[in-house]
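What follows is each chain in one-letter form.
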Amino acid sequence: QVQLVESGGGLVQPGGSLRLSCTASGIIFSIYSMGWYRQAPGKQRDLVAAVTSGGSPNYADSVKGRFTISRDNAKNTMYLQMNNMKPEDTGVYYCNGIGIGRQNWGQGTQVTVSS
């Protein structure tokens, strides 16, 4: 019943930008902390950015100063603005709740940073 749909990924050159979106349905989105996770080939899925229900952000050290997480609770949507992208940002990006808000994983959206 709960659905998380990620979009906005693609191929971008180093130094470029992408904006990812995550739209949730079937849940009361506004009450949960949410996060963006990245899984690179052969690696575990790691949390790279998180945002509380009230909009307070936190970031992994690797993306601080380059990524911005935000949410629009009225639209059940979360965003990840990625600037000055690096090859190491490559991976499949997933959104999900944190803690009590955790749901089944969606399909993610592929991000590739390459020249």
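What you see is a predicted model; the values in this text were computed from it and never measured.

Rules behind the numbers
Residues numbered from 1 in each chain as written. Predicted model: local features only at pLDDT ≥ 70, side-chain atom pairs only at ≥ 80, totals over all residues. Heavy atoms only, no water. 1 Å grid on protein atoms, 1.4 Å probe; cavity = no way out; pocket = protein on both sides within 12 Å on 5 of 7 lines; lining within 4 Å. Points joined across faces, edges and corners; volume = space filled by probe spheres on them. Helix = DSSP H or I, 4+ residues; strand = E, 2+ residues; numbered from the N terminus. Nonpolar A, V, L, I, M, F, W, Y, C, P; charged D, E, K, R; others polar. Buried < 20%, exposed > 50% of the residue type's maximum accessible area, 1.4 Å probe, protein only. Contact = heavy atoms within 4.5 Å.

### Some remarks on the layout of surface pockets
Item 1. Of the pockets and cavities examined, the largest pocket occupies roughly 160 Å³.
Item 2. The wall of the largest pocket is formed by R38, A40, K43, Q44, D46, L47, V48, A60, S62, P87, E88 and T90.
Item 3. Counting residues per element, the lining of the largest pocket draws most heavily on strand β5 (residues 45-51), at three residues.
Item 4. In terms of residue class, the lining of the largest pocket is built from five nonpolar, three polar and four charged.

### Things to note about the environment of G35
Item 1. When you line up the elements, G35 lands in strand β4 (residues 34-39).
Item 2. Under the relative-accessibility criterion, G35 is labelled buried at 0%.
Item 3. For the pair G35 and T109, spaced 74 residues apart in sequence, the C-alpha to C-alpha distance is 14 Å.
Item 4. When near neighbours in sequence (up to four residues on either side) are disregarded, G35 contacts L47, A49, A50, M78, Y94, C95, N96 and I98.

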